[in-house]
Protein chains: 2
Amino acid sequence: MTDALRALFCPKSIAVVGASASPGKAGNAMVRSLLGFPGPLHLVNPTAPEIEGRAVARSIGAIGEPVELAVLVVPAEAVPSALEDCGAAGVRAAVVCAGGFAEAVGGRQLQAEVAEVVARHGVRLLGPNTSGFMNPVDQVLANFVPYVTRLEPGPASIVASSGGMNLAISFLASGEGLGLRVGVGLGNSVDVGFAEVLDFLADDDTTKVIGLHLEGVDDGRALFDAIARVAPRTPIVALKVGRADVGEFALSHTGRLLGDYDVTRAALTQAGAVVVDDVGQLVDAMRALVMCRMAPRAEPGIGVVTAQAGPGLFITDVLRSRNVSVPSLADTTVKGLERLLPPLTMLSNPVDTGRPSETFGKVLGLVADDDEVDALVVYALKESDVVNPEVAFRTPGVVGQVPVVFGTSGPREALDLGRRVVAGIGVPQYPTPEQAARAACALVEDSRAQARRAAGVIAASKSVPALPEQRLDEHLSKLLLDALGVVTPARRVCADRAAAHAALGALDAPVVVKVLDPAIAHKEHAGGVKVGIETEAQLDAALDAIDAIASSSSRGYLVETHVEPGVDLLVGGARDLVWGPVVAVGPGGRDAEAHRPSWRLAPLSDLDVAELAADVAVWPVIRAVEALLLAHPSISEIDVNPVRLLSDGAVALDALILRDEEA
Amino acid sequence: MTDALRALFCPKSIAVVGASASPGKAGNAMVRSLLGFPGPLHLVNPTAPEIEGRAVARSIGAIGEPVELAVLVVPAEAVPSALEDCGAAGVRAAVVCAGGFAEAVGGRQLQAEVAEVVARHGVRLLGPNTSGFMNPVDQVLANFVPYVTRLEPGPASIVASSGGMNLAISFLASGEGLGLRVGVGLGNSVDVGFAEVLDFLADDDTTKVIGLHLEGVDDGRALFDAIARVAPRTPIVALKVGRADVGEFALSHTGRLLGDYDVTRAALTQAGAVVVDDVGQLVDAMRALVMCRMAPRAEPGIGVVTAQAGPGLFITDVLRSRNVSVPSLADTTVKGLERLLPPLTMLSNPVDTGRPSETFGKVLGLVADDDEVDALVVYALKESDVVNPEVAFRTPGVVGQVPVVFGTSGPREALDLGRRVVAGIGVPQYPTPEQAARAACALVEDSRAQARRAAGVIAASKSVPALPEQRLDEHLSKLLLDALGVVTPARRVCADRAAAHAALGALDAPVVVKVLDPAIAHKEHAGGVKVGIETEAQLDAALDAIDAIASSSSRGYLVETHVEPGVDLLVGGARDLVWGPVVAVGPGGRDAEAHRPSWRLAPLSDLDVAELAADVAVWPVIRAVEALLLAHPSISEIDVNPVRLLSDGAVALDALILRDEEA
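Quick summary incoming for the structure in this document.

1. Examining the overall build of chain A
Here comes step 1: Each helix and strand in chain A was counted, giving 21 helices and 29 strands.
Here comes step 2: Its C-alpha atoms give chain A principal-axis dimensions of about 95 × 75 × 35 Å.
Here comes step 3: Taking all 663 residues of chain A together, the buried fraction comes to 62%.
Here comes step 4: Taking the contacts inside chain A whose residues are at least 6 apart along the sequence as the reference set, 70% of them involve residues at least 24 apart.
Here comes step 5: Here chain A displays about 23800 Å² of accessible surface, and carbon together with sulfur accounts for 52% of that area.

If you want it as structure tokens, here you go:
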């Protein structure tokens, strides 16, 4: 597989099918992008006499020597037959730039044809509907945007849903000194997709960091597993679009649904990627991770050293807002700092040196040496007369001891020069305090993710009761939870009013009376939940009200003992279209939908469970939901809401389990 | 006042007190920063024979000619006497760089001395504890950071709490083509503060946009009023530190409390500033506002035109996530687009042109002409062979018709050149889609803020009942609300159990029984609220439980009719240390503190009230809280929680009003 993608991204020979002599046409731009390719470059056009001063073959079959990669710059309707020709000519991989496939009205059939042709010939296909890819290291610039020839080679690889985002990210990274190994725009990804490219990049010794841009994902589990395989070796930073509702536009772009934003971000994090919020953060995080990845740690501590308090405040603010530890320094560290610094400023963590002096490097060394400090964020304005960052960072016990992230401001030329200088000793530099702090957060999140993956052993699945044939009402749903160790209130299922009255006598008052009818999913909303029932008269009134609810199905009553007030959570399960079985924990109660729960893909490690709920009493509920989802593929949704936290445990007050046909 | 600050920021003559010949010392760096000053520059040092080749005066009194601005680079303990000398010599304004005043242990007394000296002599003071200020337009670079001589002059002014942040922001802006008018680091701001500098800048014809950096604020109302005065004329962008808990560090920086982050941001927005989240956004927003401020509109619509769908998705995502309208285009617009563009892409809003052609400018013109579109965000990768942004933007009906914000990516040199070119026609350019989108959000927020200020007439305050002498329990608090038109549940105050039983008979059952005891602020938590009481026995049990609560004060019971379930809000009022009377509305109920309510400074306009709560039923509660806060300065806090929203109105279920001594 890796070998097949080598023919795509690092081919020995290339043909441009649809090469054009007309400036401004994509078929001409593609040729000019590829002119620097050191191997054989063939141009294919049925009529043009010559293009950019080169000979032209009439067809790919007429080239007369083997071609590894064909780059197709022909209209959508011409793609299937062109790929047929490629297959016949023994081409191993192809890029199709044209749009007009699944993303366009009426284009799904054409895309299916493309898929069939490449599968039949064993041609590996990138696209369609992409501007292509760029591999500046091997000078394979298979992209019709002219400026790709200016991209710097380097250690960063980009895998983007969108050809445009691949370019936007690659240029930004290159402009900030982070050169490109391979930048790939997947487009409609009929054949080559995220997971396979990730595995290729993991085997590629030149790639030292990977950036992902995701719109929709076809096979979430394959991507999850690929990230989990690759991230321990090569750090991965991921950016997902779709915080707001932009699904319609996305569909028109690559013909793919965006998927749930929160679930996708949770899945990427769980797999071991560092998830960021925008393109700038993506490049900033990649620049940090390629220079100074941290060792796996459950809770790394950051030492902040600043020459100016104002920017240092922002750094600390960002770190603390993102729950990154800025630990207090040891007394010995503080005493050491007191010998180096004037008594005017803050000397714990953050450490404010005030206007720096020749002691700045020693200050960094002292803080780096503190047991609680796993990385440094350093801020100092460019002040040529008082501090040379490179010299300070080279102080023994600083760089090499811990990762160092540097924030600074000054004239642009001084910043650019300084960035290159400190990059030479493995220190990423950023032009704002927040960018430096967020880059440090990326290091921390990567460190935590790797620690989590290492610790996150998945326990063997437990035995799960079979599902009854009939539709699952609240009682049957709770029986399943009971069997899996979840505490539910004492209750009686009552077929008629007499049974309900008997239940009132048998259970501790007050009781709750609920309609028992699987057709009524939102019982409370329907008026089917009556609380605080203590007397026969109250019970009759409650039953009257429940009987008055309009519904056609057969019906009973559920009488339960009252549970005292407490904090309510929601524990849910769902079968996500992209990611499969997922478990959610969030604030519970009637407005639970207004909150955004935390998500994890099942199966869950103990760490996943602990991260979902700090309170151990909730863990059996989470495990029960997980077990049901994993054991019974027919279950599409589980809502245990509320799960009430009491001083002596957690009780599942309500439960709803839906199967596919019922959802 | 403005005239006094002119002597500070645009002086005719300058003296550096504490000038030094030693490279690396602040007193030397300050001299070198000021060497380019075109007016008389005097250096003061008691011993140095010459400094940087210039003559030195032994004291400020020995200069022998008038000095408008004295820049003091002397140790903290020497500052009071140096200022005394300045005052005696007729100096009009001074900058004090030294730290070691209110921010340092034992420095408050020294700061008080400084305040006394400058007040007595009428010397206007910037600082202490600041690196100074920069005025590149007049070459007054009164700052000891050497690179300030490289700052470009221009239309942007910065007013920063922190001298370091003033520099960080100024350099960043200058590096992105936004030159500096005046950049001010206020430091401890013993004398000159935010409000006064804002008024100075409003009168300054060179300043076209103002950036604020805030740590703590002394007089929130003065700042609020200054922003409200200045922003209609000159756009203001504001950045506040302190999202997380960084107060201890801040205190060590300028000796000032940070104040509440949410309240401060709300106040800045309400006053008319555009509030941003980080330094990068501050500069990006200033670059947009200085080029293409929008007219005031309550709900401006953005047209998004993109040559690449991927970046266009991020732009739309950011706009929608920030509740900025991306309206559907008129049918005529879409029909026009269909004539200009291939049928492959999205042609409503966003408009995805696909790889652009010579029609790109016409597409922009069509979208700009749509009635719903008040500004354009345009994205196109640098593709030298297919689109020239400047030419496209110059298409009739584009620039000039609406503000245009441009996002692009490409090689850095091409970006830099392009940025300068399009800036020449009033189009700000950004290197990532999100930055372009957020800059457009800043234009929208400024437009909305100005519309809001214009529409936000403050009604005359209504008559408010007097406060009783005794401590306000729930009943007395509710009586005040009743008098102001708030609906509260029918209730009886019961001095003893007999009265409670009588109340049960008189009110509609079920009733709620509450402990009535101003000493118990958290009644529910204390077990002092019993719901669902219908029978005498239930009532007795409830009264027993309430009587069992430990408390020393005299006590009664409040018996109230039950109110059906509904959505619960919190309406609160407080007297903020910085901002004075503020009103809050947020999710209600027992975990209200876990949510972050929305805040507004009182008095409130009708628009403020409508923004706090969409439901008109809540408005009387908000107005009541506001009126009580404004009429009774002794009230420190009001909590009406929950306010229950029902189908036919809102009911204040609980109320707590605290006075200063009780809080």
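2. A few points about the pairing of strand β13 (residues 236-240) of chain A
Residue and element names in this part refer to chain A.
Here comes step 1: Counting buried residues along β13, five of its five residues qualify, which places the element largely inside the surrounding structure.
Here comes step 2: Of the two faces of β13, the one holding I236, A238 and K240 and the one holding V237 and L239 are both buried throughout.
Here comes step 3: Of the pairings in the sheet, the one linking strand β12 (residues 209-214) to β13 comprises five bridges and is parallel in character. Across the sheet, residue L214 finds its bridge partner in β13, namely K240.
Here comes step 4: In this region the chain leaves β12, passes through helix α7 (residues 220-230) and returns to the parallel neighbour β13; the handedness of that crossover is right-handed.

3. What to know about the interface of chain A and chain B
Here comes step 1: The partner chain B presents 82 residues to the 82 residues of chain A that form the contact.
Here comes step 2: Of all residues in chain A, the largest losses of buried area upon contact with chain B belong to F249, L313 and R412 of chain A, amounting jointly to 12% of the total for that side.
Here comes step 3: Applying the counting criterion to the chain A and chain B interface returns six salt bridges.
Here comes step 4: The partner of D278 of chain A in a salt bridge is R438 of chain B, and the shortest N-O contact between them spans 3.0 Å.
Here comes step 5: Applying the counting rule to chain A against chain B returns 24 residue pairs in polar contact (both at pLDDT 80 or more).
Here comes step 6: Elements with a contribution of two residues or more to the side of chain A that touches chain B: α2 (26-34), α5 (163-175), β13, α8 (247-254), α10 (279-291), α11 (309-321), α15 (412-423) and α16 (433-455) of chain A.
Here comes step 7: The element best represented in the side of chain A that touches chain B is α11 of chain A, accounting for 10 residues.
Here comes step 8: Considered class by class, the residues forming the side of chain A that touches chain B number 34 nonpolar, 23 polar and 25 charged.

4. Remarks on the sheet that holds strand β19 (residues 429-430) of chain A
All names here are of chain A.
Here comes step 1: The strand order β16-β15-β17-β18-β19 describes an open sheet built from five strands, whose pairing is parallel. Either end of the sheet is taken by a strand with one partner, and the two such strands are β16 (351-352) and β19.
Here comes step 2: Docked against the sheet, α16 engages β15 (302-306), β17 (375-379), β18 (404-407) and β19, running at close to 165° with respect to β18.

5. Some thoughts on the relation of the copies chain A and chain B
Here comes step 1: Between chain A and chain B, the superposition needs a rotation of 180° and an axial shift of 0.1 Å, giving an RMSD of 0.1 Å. On this basis, the relationship between the two copies can be described by a two-fold rotation axis. Residue G532 of chain A, judged by its C-alpha, is the member of chain A lying nearest the rotation axis, at 3.3 Å.
Here comes step 2: By residue overlap, the copies meet face to face through one surface: 100% of the interface positions of chain A are interface positions in chain B.

6. With respect to the packing of aromatic side chains
Residues and elements named next belong to chain A.
Here comes step 1: Applying the stated criterion to the full structure yields six aromatic pairs over all chains.
Here comes step 2: Ring geometry for F9 and F133: centres 5.1 Å apart, planes at 85°, overall edge-to-face. Of this pair, F9 sits in helix α1 (residues 2-9) while F133 sits in strand β8 (residues 132-135), and the two are 124 residues apart along the sequence.
Here comes step 3: The class of F9 is buried, set by a relative accessible area of 0%.

7. With respect to the environment of H525 of chain A
Here comes step 1: Take H525 of chain A: it is sitting in the loop between β21 (511-516) and β22 (529-533).
Here comes step 2: The spacing of H525 of chain A and A483 of chain A is 42 residues in sequence and 28 Å in space, taken between C-alpha atoms.

8. Points about the packing of helix α18 (residues 497-506) of chain A against helix α19 (residues 536-547) of chain A
Residues and elements named next belong to chain A.
Here comes step 1: The geometry of α18 relative to α19 is characterised by a closest axis approach of 11 Å and an angle of 140° between their N-to-C directions. Put simply, α18 runs oblique to α19. Here the hand of the crossing between α18 and α19 comes out right-handed. For the pair α18 and α19, the contacting residues are R497, A500, H501 and L504 in the first and E536, L539, D540, L543, D544 and D547 in the second.
Here comes step 2: Considering only residue class, the contact of α18 with α19 consists of four nonpolar, one polar and five charged.

9. Regarding α18 of chain A
Residues and elements named next belong to chain A.
Here comes step 1: Inspection of α18 places A500, H501, A503 and L504 among the buried residues, and these make up the whole buried set. All buried residues of α18 project into a common sector of 155° when viewed along the axis, lining one side. Every exposed residue of α18 that faces more than 90 degrees away from the buried side is listed here: A498 and G505.
Here comes step 2: Where the residues of α18 are buried, they touch β20 (491-494), β21, β22, α19 and β23 (556-561).

Analysis parameters
- Residues numbered from 1 in each chain as written.
- Chains lettered and ligands numbered in written order.
- Predicted model: local features only at pLDDT ≥ 70, side-chain atom pairs only at ≥ 80, totals over all residues.
- Heavy atoms only, no water.
- Helix = DSSP H or I, 4+ residues; strand = E, 2+ residues; numbered from the N terminus.
- Buried < 20%, exposed > 50% of the residue type's maximum accessible area, 1.4 Å probe, protein only.
- Contact = heavy atoms within 4.5 Å.
- Areas by Shrake-Rupley, 256 points an atom, 1.4 Å probe, with all protein chains shown as cover.
- Pairing = 2+ DSSP bridges.
- Right-handed = clockwise from strand over helix to strand, strands pointing away.
- Buried area = accessible area lost by both parts, 1.4 Å probe.
- Salt bridge = Lys/Arg side-chain N within 4 Å of Asp/Glu carboxyl O.
- Polar contact = N/O pair within 3.5 Å; in protein donor to acceptor, adjacent residues only side chain to side chain.
- Nonpolar A, V, L, I, M, F, W, Y, C, P; charged D, E, K, R; others polar.
- Axes fitted to C-alpha atoms, helices over the stretch in contact; angles between N-to-C directions.
- Least-squares fit on C-alpha atoms with pLDDT ≥ 70 in both.
- Phe/Tyr/Trp six-rings, centres within 6.5 Å; stacked < 30°, edge-to-face > 60°.
- Parallel < 35°, antiparallel > 145°, perpendicular 65-115°, else oblique.
- Left-handed = near helix turned anticlockwise from the far one by under 90°.
- Arc of directions from axis to C-beta.

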